[in-house]
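If you want the building blocks of each chain, they are given just below.
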Amino acid sequence: MFKPLGDSALLVQLGDKIDSAINQRVHALNALLQTKNIAGIIETVPAYCTLLIHYDPLILTFNQVTSWVRDNLTQVDDSLNRKPRQLEVPTRYGGASGPDLETVAVSRGISIADVIRIHSEHEYIVYMIGFTPGFPYLGTLDQRLIMPRIETPRMLVKAGTVAIAGSQTGIYPLDSPGGWHLIGWTSLILFDPTSNSPFLFAPGDIIKFIPIGEDHA
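Description of the structure in this document. (Residues numbered from 1 in each chain as written. Predicted model: local features only at pLDDT ≥ 70, side-chain atom pairs only at ≥ 80, totals over all residues. Heavy atoms only, no water.)

### What to know about the packing of aromatic side chains
Each aromatic ring pair is summarised here by two numbers: the centre-to-centre distance and the angle between the ring planes. Taken as a whole, this structure holds ten aromatic pairs when the rule is applied. Seen from their ring centres, Y48 and Y127 are 5.4 Å apart, and the 45° between their planes marks the pair as tilted. Residue Y48 is found in the loop between β3 (41-46) and β4 (50-55), and its partner Y127 is found in strand β6 (residues 123-129); the two are separated by 79 residues along the sequence. The class for Y48 is buried, based on a relative accessible area of 13%. Between F191 and F199 the ring centres are 5.4 Å apart and the planes differ by 25°, which places this aromatic pair in the stacked class. One aromatic cluster is present, built from ring pairs that chain together Y48, Y127, F131, F135, Y137, Y172 and W180. Seen from the ring of W185, K158 lies directly overhead, with NZ or CZ sitting 5.1 Å from the centre. (Phe/Tyr/Trp six-rings, centres within 6.5 Å; stacked < 30°, edge-to-face > 60°. Helix = DSSP H or I, 4+ residues; strand = E, 2+ residues; numbered from the N terminus. Buried < 20%, exposed > 50% of the residue type's maximum accessible area, 1.4 Å probe, protein only. Lys NZ or Arg CZ within 6 Å of the ring centre and 35° of its normal.)

### Description of the pairing of strand β7 (residues 136-139)
Burial along β7 is two-sided: the face carrying P136 and L138 and the face carrying Y137 and G139 are both buried. In this sheet, β7 lies alongside β6 in antiparallel orientation, the contact comprising four bridges. Paired with I129 across the bridge in β7 is P136. Hairpin connection between β6 and β7: a loop of six residues separates the two successive antiparallel strands, and F131 in this loop has a positive phi of roughly 70°. (Pairing = 2+ DSSP bridges.)

### A closer look at helix α1 (residues 20-36)
Here α1 is 17 residues long and its end C-alpha atoms lie 24 Å apart, about the 24 Å a rise of 1.5 Å per residue gives. Within α1 the residues assigned to the buried category are I22, N23, V26, H27, A28, L29, N30, L32 and L33. With a side-chain oxygen lying 3.0 Å from the backbone nitrogen of A21, the N-terminal cap of α1 falls on D19. (Expected span 1.5 Å × (residues − 1). Polar contact = N/O pair within 3.5 Å; in protein donor to acceptor, adjacent residues only side chain to side chain.)

Without other data, these values stay purely geometric and don't point to any function.
Quick look at the structure:
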């Protein structure tokens, strides 16, 4: 459960699979660390099942950080009753907005309408934010839509593009390279560095894609 990474980081392993309950514990622990503002804690990096804690070894020892986490896990578990935000993402599927939509349909042996219906009828948990600022890793995808990453990543995927890869779906917050299958686009701004709250989504949020039509361009 507790693993040292070098002489200035602790990896807290709370599980070994994509699971909403495990992920909730990760982010609850991260939130608790943020609120405590502990001297010597430099940075925390939450992921699906782990929390990486960077600390200053001149102020804290590995054993001290480990003891604090162990002593506070009960408080973390008690905080998991927070009701998550539920947010809708208006999405235009297909065409120039989602050039891989037809490829996904053909590969999975279903119609384009089925891809849209299956993708949009499900609610997704924001498991973590990463890759680029504000990129939400959403899961889990219906088994009927699971696709491997594309063999050759695109050099440019435009901001707002909705994509799938493996058991995950996500939204590109910025123009960036990308190796996921592009199936749609939303006009929502996921990352605004000028805002006091720059990220639209936060871990634990519940996301629902709302079809607003197909792009036939």
